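Analysis of the macromolecular model
Below, each chain spelled out in residue letters.
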Amino acid sequence: MQQEQASPAVQKRVRDSFDRQGLMSHLGARLAHIGPGRVHIVLPGRPEVTQQHGYIHAGATSAIADSAGGYAALTLFDEDSEVLTVEYKINLLAPAAGDHLEAIGTVLKPGRTLTVCQLEVYGVQADGARKLVANGQQTLIRVSRNAG
């Protein structure tokens, strides 16, 4: 299934911002898709991101979901805007197992100030089988890039 890609300028802005995130780098996460209002982040399963039972930790699962939603919102805003998470709720539906996790952030309602996103995280097996392991909703605030 071919997905719509964001413009090259938007993709660069999102990639540059993502590359400045120490946590995403620390976790080993990477951007897999940048489309208008939709971003996918992949987190490889490795011992450093697991909890005591061998599943990928809820903190890592939540972190990639939060970032996927934030970047999905950012794709819809001009270059002078940034986003910050105001709140999010995530339901952990199944143990986060698999070759990797894929978090998908999708904008449900963009706004001048607040934007609402849907968050989904799938456990993906080496053979491509996918299972929804977490879902949630997020509210983001749009801020000026120069605000600090």
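Higher on the page you've got the structure.
Below you will find a few notes about this structure. (Residues numbered from 1 in each chain as written. Predicted model: local features only at pLDDT ≥ 70, side-chain atom pairs only at ≥ 80, totals over all residues. Heavy atoms only, no water.)

1. Brief notes about the overall build of the protein
In terms of regular secondary structure, the protein is built from three helices and six strands. Along the chain direction, N to C, the helices and strands of the protein fall in the order α-α-β-β-α-β-β-β-β. Its C-alpha atoms give the protein a radius of gyration of 15 Å, near enough to 15 Å, the size a compact globule of 148 residues would have. Judged by the C-alpha coordinates and their principal axes, the protein covers about 45 × 30 × 25 Å. In the protein, buried positions account for 45% of the 148 residues. Considering only contacts within the protein whose residues lie at least 6 apart along the sequence, 63% involve residues at least 24 apart. Distance between charge centres in the protein, computed from 14 positive and 14 negative side chains, equals 3 Å. (Helix = DSSP H or I, 4+ residues; strand = E, 2+ residues; numbered from the N terminus. Rg over C-alpha atoms; globule rule 2.2 N^0.38 Å. Buried < 20%, exposed > 50% of the residue type's maximum accessible area, 1.4 Å probe, protein only. Contact = heavy atoms within 4.5 Å. Lys, Arg positive; Asp, Glu negative; His and termini not counted. Charge placed at Lys NZ, Arg CZ, Asp CG, Glu CD.)

2. What to know about helix H1 (residues 8–19)
For H1, spanning twelve residues, the distance from its first C-alpha to its last is 16 Å, which sits close to the expected 16 Å at 1.5 Å a residue. All buried positions along H1 are accounted for by Val10, Gln11, Arg13, Val14, Ser17 and Phe18. Around the axis of H1, the buried residues are gathered within 165° of arc, so they sit on the same side. Of the exposed residues in H1, the ones pointing more than 90 degrees away from its buried face are Pro8, Ala9, Lys12 and Asp19. Of the surrounding secondary structure, the elements contacted by the buried residues of H1 are helix H2 (22–27), strand S1 (30–35), strand S2 (38–44), helix H3 (58–74) and strand S3 (81–92). (Expected span 1.5 Å × (residues − 1). Arc of directions from axis to C-beta.)

3. Remarks on the side chain of Thr115
The residue Thr115 is located in strand S5 (residues 114–124) in this model. At a separation of 3.3 Å, a polar atom in the side chain of Thr115 contacts the main-chain amide nitrogen of Gly111. The contact partners of Thr115, leaving out residues within four places of it in the chain, are Ala73, Phe77, Val107, Lys109, Pro110, Gln138, Thr139 and Leu140. (Polar contact = N/O pair within 3.5 Å; in protein donor to acceptor, adjacent residues only side chain to side chain.)

4. With respect to the packing of aromatic side chains
One pass over the full model with this rule turns up one aromatic pair. One cation-aromatic arrangement involves Arg130 over Tyr122; the distance from NZ or CZ to the ring centre is 4.5 Å. (Phe/Tyr/Trp six-rings, centres within 6.5 Å; stacked < 30°, edge-to-face > 60°. Lys NZ or Arg CZ within 6 Å of the ring centre and 35° of its normal.)

Everything listed here is a matter of geometry and, on its own, says nothing about what the molecule does.
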